[in-house]
Amino acid sequence: MSGQRSIAAATLAVTLLMPQTAGAATLEEVAVLAQTGAVELASHLVEREQPSLAENPVEWLRWERARLELYRARRAWALLTERVVRLPADVPAPFRLWAKRLQVEAFLEQEKGEEARELLRELIWGNGNPAPTPDQLTDWRRLVIRSYLVDGSIEDAQIAMLRYRQDYGDGSDEWRLLQAQVMLRAGATSEVPGLLDKVGGIEARTLVLLAQLRSGDQRPAAVAHEARKLSEDAKLTPSQRIQVWALAAEAAETASDAVGRAQALEHALLQPGAVAQLAGVLRVDADALWDAYLAYGQAAGNQEQLLVGQDQAWFAKAGEFAKRYPLRARSMYVVVALNGLDAETRALAHLQLAQSLTAIEGGDLLLRRLYLESKRFARLDGVPEPIRHRMVDLALASSEVGLASRLMRGLATPPAGLERVEWQMRRARVLILAGEPDEGVELLATLLRETPQFETAVLDRLLQVIFDLQTIGRHADALQLFSDLARKSLDDQRRRELLFWMADSHRERGQHELAAHHYLQSATLVDLFSMDRWAQTARYQAARELASAHLYVDARRLFHGLLNATRDPSRRAVLQREIQQLQLKEQALEAKGVGAVTAARP
């Protein structure tokens, strides 16, 4: 007996398919999952468990808030925006305003300042919304200033800041921090330390150090040292940690310290989140790290007297540095990856870079950012094939099936070490789970036509993919694939399994007689009178399907046969209850004047 479904079937035979009830997830469980880092899983639970708005509006709102917060935590800005736009018309106004504020944040995180301002104008001027509270209005006005910073419209940001100051005269710490950001972008660095003199917190300290660095009041080495000390505070949030490492990177760049810059940017991008509070003030993104790697790699190459184009020599030197100086090795691989003589050499350099990155704790995130968040790879088909193969695995591991599907498009060859059959099955499964089952079915059908025989382990995995089709209700496709598979050379036990799974699909399609027929074939294939575990499970299911087809006499005969074959009290009780239910149905038919033995099917 093989495959997960086979094990499940044998287990079910012991209890004769007695029903089990699983408890629904709660919002508290969702919160715990998110706090442990399983944000994707938490999102899936919300999607599955959220009640409908019509049935339970209060609970729907609680779950919807959790859903949007999880999108925010995942930085799934497109999903967040789409969900807010599609909020039902009867959602309470306070919730809608809160959600639209999140949408503004999503626009700012994506550097879409104009879209953020358009939505903020709608919020500020009403457009049918209730009048905002004073706190909401000041918050929205500050977000307008941030939107100009995101767009690099410094003059507009200054004008908006002056108008805000005239209207509110706000002396809060949050307002002072925003003013400092505008001043830094405008080059008024000397005013920042005085403005933030009485403001505590890591953001204020970061901005003061940045102003002193840019004004020349502090030496770059001293600022970098202070930033590294700040990063050691265990209480920092990921966003704050990004800020201090971004500061260290700028200090290193000012000092022409290529090593320090690359190292600081790696630390920054290893953190989840973004520097939303310092939008446009500090540069920390994938392209900055690519630039830093390239600068350090070229400097290391010059030191080793290597010329661009001597790819094998670069590979050899990078290999020497890989263990003791991995950052130097990564940077040298980047030089070849971006400037190598031919595509094959560049692809190999990308692969070596990926292997070095994933050896770092959390390096998968760094890999993802370098290739999915960089302007160097604006299109997924521009990402080198070895990297796309690696990222498919990462996407599947984090349940991002849609991303895995997009990464797989156009990948004609399997990754190194993976057979073509395994690769085609993986592609088919991703397509099925990503909502493209037609393409997945076609891949499986082609695979079955072109593969004479499957090894046991491979066949088990193939069955799991067909089970995915059953899970999403594509039973006609599953039946055809099972039939194609049945034409191959299989042992008796495997044939019993196929007949059982085919019966499952007939059952789900409401084809009760066909289902009963296949269950009975599964039970009797090896021995007409078999009563092993598998046969008992198949006979039990066949009896239930016969009952659903109104063939009560046949169903009762099968149940009695199972009753005679077991002495277990709990199983006998289940079977006796089934027989009693049949008798009640027969009596109901007789009361209507229909003979039980020859009960007509509707």
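What counts and how
Each chain has its residues counted from 1, running along the sequence as written. Confidence filtering applies because this is a predicted model: local features only for residues at pLDDT of at least 70, side-chain atom pairs given and counted only at 80 or more, and all residues used for totals across whole chains, interfaces and linings. To obtain the side-chain values, all non-hydrogen atoms of the structure were included, while hydrogens and water were left out. Here a strand is any run of E in DSSP of at least two residues, a helix any run of H or I of at least four, and the numbering for each starts at the N terminus. Accessibility here uses a 1.4 Å probe with only protein chains present; expressed as a share of the type maximum, an area under 20% marks a residue as buried, one over 50% as exposed, and anything in between as partly exposed. In plain words, nonpolar cores are sets of buried Ala, Val, Leu, Ile, Met, Phe, Trp, Tyr and Cys residues tied together by side-chain atoms within 4.5 Å. A domain assignment, automatic or from a database, supplies the domain bounds used here. Note on contacts: a residue pair is in contact if any heavy atoms of the two residues lie within 4.5 Å. Any carboxyl oxygen of Asp or Glu that lies within 4 Å of a side-chain nitrogen of Lys or Arg is treated as forming a salt bridge with it. pLDDT is defined as a per-residue confidence score from the predictor, taking values between 0 and 100. Stacked, tilted and edge-to-face are the three classes applied to pairs of Phe, Tyr and Trp rings, where Trp contributes its six-membered ring and a pair requires centres within 6.5 Å; stacked means planes under 30 degrees apart, edge-to-face means over 60, and tilted covers the rest. In this analysis the charged atom, NZ for Lys or CZ for Arg, is taken to sit over a ring once it is within 6 Å of the ring centre and within 35 degrees of the ring normal.

K.L.:
I keep staring at unusual backbone geometry and nothing clicks. Help me out?
P.N.:
Keep in mind that most residues, glycine aside, have a negative phi and that most peptide bonds are trans. For glutamate 111, which is not glycine, the phi dihedral falls at a positive 60°. If you trace the backbone, glutamate 111 turns up in the loop between helix H6 (93–109) and helix H7 (113–125). Look at glutamate 111 and you get exposed, because its relative accessible area is 58%. Backbone geometry at glutamine 305 places phi at a positive 60°, although glycine is not the residue there.

K.L.:
Could you clarify how one ought to interpret the nonpolar core in this entry?
P.N.:
Nonpolar side chains tend toward joint burial in soluble globular proteins. Ranked by size, the top nonpolar core spans 82 residues in total, and within it Leu196, Tyr293, Leu367 and Tyr371 carry the most contacts. Residues from two domains meet in this core; each of domain 1 (185–275) and domain 2 (286–517) gives at least three. If sequence neighbours within four positions are ignored, tyrosine 371 has contacts with Trp290, His350, Leu353, Phe377, Val383, Pro384, Ile387 and Met391. In terms of nonpolar packing, the next biggest core, distinct from the first, is built from 54 residues, Met425, Ala445, Ala478 and Leu563 among them.

K.L.:
Help me understand the environment of valine 208 in this model?
P.N.:
Turning to its location among the elements, valine 208 is positioned in helix H12 (residues 202–215). Distance in space between the C-alpha atoms of valine 208 and proline 326 is 33 Å, their sequence separation being 118 residues. Once you skip the residues sitting within four places of it in the chain, valine 208 turns out to touch Val192, Pro193 and Leu196.

K.L.:
Help me out: how do you make sense of the pattern of salt bridges in this one?
P.N.:
It is possible for side chains bearing opposite charge to pair when their charged atoms get close. Considering all chains together, one arrives at 45 salt bridges under this definition. Across the pair arginine 283 and aspartate 285 runs a salt bridge whose closest N-O atoms are separated by 3.5 Å. Judged by relative accessible area, arginine 283 falls into the partly exposed class, the value being 43%. Several salt bridges converge on common partners, so that one network encompasses Glu69, Arg72, Arg101, Glu105 and Asp139.

K.L.:
I'm lost on the confidence of the model for the protein in this one. Help?
P.N.:
If pLDDT is low for a region, its predicted coordinates should not be looked at in detail. Across the protein, the average pLDDT comes to 86, with 92% of residues at or above 70. Scored below 50 in pLDDT, residues 6–23 shows 23 contacts in the model against residues more than four places distant or in partner chains. In the model, residues 596–602 has pLDDT below 50 throughout and makes 13 contacts with residues more than four positions away in sequence or in other chains.

K.L.:
What is the right way to read the packing of aromatic side chains from this model?
P.N.:
For any two aromatic rings, the description comes down to two numbers: the centre-to-centre distance and the angle of the planes. Per the stated rule, a full pass over the model turns up 16 aromatic pairs. Note on tryptophan 501 and tryptophan 534: the rings are 6.1 Å apart at their centroids and 80° apart in plane angle, and the pair reads as edge-to-face. Highlighted residues: tryptophan 501 in helix H27 (residues 492–508) and tryptophan 534 in helix H29 (residues 533–548), separated in sequence by 33 residues. Take tryptophan 501: its relative accessible area is 2%, and that puts it in the buried class. What makes tryptophan 534 buried here is its relative accessible area of 2%. When the ring centre of phenylalanine 321 is taken as reference, the NZ or CZ atom of arginine 328 above it lies at 4.7 Å.

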